[in-house]
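# Coordinate inspection notes
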Amino acid sequence: MPVASQRSRGSSMRSRETAAGWLFTAPALIILGLFLVIPVLMALWVSVSDWDGRGSPLAGDVSFVGADNYEALLTGGGLTTRDFGTSLRNNLWYVVLVVPLQTVVSLTLAMLVGRRAIRGRGLFRTAFYFPSVTSSVAITVVFLFLFSSTGAVNKLLSFLSIEGPNWFNDPRGVLHIALAGMGVDSAPAALTTGGLLGVTWWEWLAGPSVAMVTLITMAIFTTSGTFMLLFIAALQNIPAELEEAAMVDGATSRQRFFRVTLPQLRPTLFTVITLGLIGTWQVFDQIYVGTDGGPAKTTVTPAYLSYTASFGSQRWGEGAAIAFILFAIIVTFTILQRVVLRERTTVPRRKRFLQPVDERRPS
Amino acid sequence: MTWGTAFRYALLVSIAVVYVFPFLIQIASSFKTDAEAAQNPLSLVPNPVTGAAYEFLFTSPQSDFPTWTMNSVVVTLAVTAGRVFFNSLAGYALARLEFRGRGAVFAGLVAVMAVPGVVLLIPKFLVVNQLGIYNSYAGMVLPLLADAAGIFIMKNFFESIPRSVEEAAKIDGAGLFRTYWSIVLPMARPALITLVILSFQGSWNELAHFIVVTSDPDLAVLTKGVASLASGAISQGTQYPLKLAAAFLMTIPVAVLFFVFQRQIMSTTEGAVKE
């Protein structure tokens, strides 16, 4: 901050600014403090208490139960653990499929419409971005219709003589379906006896259910537009000379993409994947509107389970504990991603002296 | 035109069709009869054309659609107005006023931004309930009145305005609030428009917050109402035209905002990354 301007002003000015500064930020701080900071602390308390939803969680008759709620979820072995394990399994498949796919799709869209030479690129951008603007509730209603048993998707499939599934009511995992197609329809004993969080390995490996596949499709449809805009902006910041230099050197378009464009996009790639991870681990609206966690709990996610455990079954401690475990998962995944992407940066750097000098410029 | 560009356009057009088609089907099907929506889900021309779904939504005594719409409008306008004012006020202080504790405020806001929304579902209910504003407009609006991301947008913009503009006002003896209100704020139009779009879109499309802080059907907003419609609250059979019509209607305000300020939206997002 400019020191000179501070010195030139008197100390009375300084204290006047302090008063005004706090006054100006007060409304925002009070709102955020009241509805964000205090609530998180309160929920932290609820997650280690036996509050049953009646009266205040801070009242005297609510007692501290330590890690009981967390234990019930993680090591209890009962229905609670199994439901939580199932929700993690479901959401993990969702994350593993949505994050890479939405990144690739949005980057592809950006590469296609990012160039100035494309006619009507504004129109295309609008078409791709529009789904991101509309509410998840409205989109879910549309997808419920498109993927209904007599819906547009199955109608399209019928032209190819394929009988489409009853999408939103089919709990079968797609990997299990694929394995059954190859004649494997029962699990080896090793996979059915062992497991994690009350869910057998065989079930962990079932793949997303057919119902979940529709939610995955919907997620890619609605988020790729936003991320496309981020990639377009990043592409426009890459100096044209870089690509020209590579062209002069006789690099193929494939080489230009992987050795010139992609390394320059790393910061944006990082942002998109981070936002993707944070968003996909919190999927809630689509479940609430579309599936209620069904069929056979294959679309229950931790966020939705946290909501139903608290507001539905009045097991507030458990619901709050799920929220905090989810928080920990998101933080872990974000850090993990940071580490993985950082390690990768060392590989191209070693190769760099083989490439044009321009490119060594830190991005 | 080379084969390469021809291929590129063909690809673009086919992807665009995939992105636009669901919305076209949605609009067309909302004018179909139930039977036809099930029989010809792909056709874009309703035959016969019927406005029954819309008529039901607006005029049937069984329909709460007008209530939902009114609640959405009230809440969204209040949230948008509040956010634009409080965020810009705080953004101005962080950008321009050198006050003691500014670093702490800044750090606090960054920390707040890192908390995932889902963790806040239960907490929000707890506090809203404790404050006695559960099932009230206050409970719906107050928690949404400020957001850290909006404050940062305003702060960044104010920092890009040259200081000399305010110096003149200060010399003329204008107070800090006056300088903010009548000098700096009018200059921040582009940032304010961005904030209006984001706040409007955010609160109009918000679902989880309203599920958690209200249970009274009279306070249901469109997202909550249409969600209950989707799960078949008043429906016998599938009633897809009805659900699609409701979903279409709730999309109109954000769509209008989007098309009016399209250029602004596209360039803002681009600007945000250039930082």
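Counting restarts for each chain: residues are numbered from 1 in the order of the written sequence. Each chain is given a letter, starting from A, and each ligand a number, starting from 1, according to the order in which they appear as written. Local features in this predicted model are restricted to residues whose pLDDT is 70 or higher, and side-chain atom pairs enter the listing and the counts only when it is 80 or higher, whereas totals over whole chains, interfaces and linings include all residues. Side-chain metrics rest on all non-hydrogen atoms present in the structure, leaving aside hydrogens and water.

### So, the interface of chain B and chain A
Counting residues at the interface gives 93 residues for chain B, matched by 96 residues for chain A. Summing both sides of the interface, chain B and chain A together bury roughly 8,300 Å²; the carbon and sulfur share of this comes to 77%. The term buried area means the drop in 1.4 Å probe accessible area that two parts suffer when joined, counted for both and summed. Ranking the residues of chain B by area buried against chain A places Y19, E98 and I122 of chain B at the top, with a combined share of 9%. Any carboxyl oxygen of Asp or Glu that lies within 4 Å of a side-chain nitrogen of Lys or Arg is treated as forming a salt bridge with it. If you look at where chain B meets chain A, you find zero salt bridges. Amino acid classes used here: Ala, Val, Leu, Ile, Met, Phe, Trp, Tyr, Cys and Pro are nonpolar; Asp, Glu, Lys and Arg are charged; the rest, including Gly, are polar. Classifying every residue of the side of chain B that touches chain A by side-chain character gives 69 nonpolar, 12 polar and 12 charged. Between two residues, a contact is recorded if the distance between any of their heavy atoms is within 4.5 Å.

### Here's the deal with the packing of helix α6 (residues 136–146) of chain A against helix α1 (residues 3–30) of chain B
Taken N-terminus to C-terminus, the directions of α6 of chain A and α1 of chain B make an angle of 80°; their axes are 10 Å apart at the nearest point. Of the possible angle classes, the one that applies to α6 of chain A and α1 of chain B is roughly perpendicular. For the pair formed by α6 of chain A and α1 of chain B, the contact residues are I139, V142, F145 and L146 of chain A on the first element and P22, F23, I25, Q26 and S29 of chain B on the second. Classifying every residue of the contact of α6 of chain A with α1 of chain B by side-chain character gives seven nonpolar, two polar and no charged. Only the stretch in contact is used when fitting a helix axis, every axis being a line fitted to C-alpha atoms; angles between N-to-C directions are given from 0 to 180 degrees. To qualify as a helix, a DSSP run of H or I must reach at least 4 residues; to qualify as a strand, a run of E must reach at least 2; elements of each kind are numbered from the N terminus. Geometric relationships in this document are graded by angle, where less than 35 degrees denotes roughly parallel, more than 145 denotes roughly antiparallel, 65 to 115 denotes roughly perpendicular, and other angles denote oblique.

### Comments concerning the nonpolar core
By nonpolar core is meant a set of buried Ala, Val, Leu, Ile, Met, Phe, Trp, Tyr and Cys residues that side-chain atoms within 4.5 Å join together. Under the scheme applied here, a residue whose accessible area is under 20% of the maximum for its type counts as buried, over 50% as exposed, and between as partly exposed, the area being computed with a 1.4 Å probe on protein chains only. F128 of chain A together with F158 of chain B are the most contacted members of the largest nonpolar core, which has 184 residues in total. When residues of this core are assigned to their parent elements, the largest contribution, 16 residues, is made by helix α11 (residues 210–236) of chain A. Ignoring any residue separated from it by four or fewer positions in sequence, one finds F128 of chain A in contact with L109, V113, G225 and M228 of chain A together with L12, I15, A16 and Y19 of chain B.

### Focus: the packing of aromatic side chains
For any two aromatic rings, the description comes down to two numbers: the centre-to-centre distance and the angle of the planes. In summary, the pairing rule links any two rings of Phe, Tyr or Trp, Trp by its six-membered ring, whose centres are within 6.5 Å, and it sorts them by plane angle into stacked for under 30 degrees, edge-to-face for over 60 and tilted for everything else. Considering all chains together, one arrives at 43 aromatic pairs over all chains under this definition. Pairing F311 of chain A with W316 of chain A gives two aromatic rings, centres 4.8 Å apart and planes at 65°, and the pair type is edge-to-face. For K243 of chain B, the ring lying beneath its charged end belongs to Y240 of chain B, and the centroid distance is 5.2 Å. Any Lys NZ or Arg CZ that is within 6 Å of a ring centre and within 35 degrees of that ring's normal is treated as a charge sitting over the ring.

### So, unusual backbone geometry
For the bond from G294 of chain A to P295 of chain A, the omega torsion is -10°, close enough to zero to count as cis. In this structure, P48 of chain B follows N47 of chain B across a cis peptide bond, with omega equal to 0°. The residue P48 of chain B is located in the loop between α2 (34–39) and α3 (52–59) in this model. Unusually for a residue other than glycine, L197 of chain A sits at a positive phi of about 55°. The residue L197 of chain A is located in the loop between β1 (195–196) and β2 (199–200) in this model. Exposure remark for L197 of chain A: the relative accessible area of 15% places this residue in the buried category. Here Q314 of chain A, not a glycine, exhibits a phi torsion of approximately 60°, which is positive. Looking at the secondary structure, you find Q314 of chain A in the loop between α16 (302–312) and α17 (316–351). Taking relative accessible area as the criterion, Q314 of chain A reaches 38% and is therefore assigned partly exposed.

The values are spatial; any link to function lies outside them.
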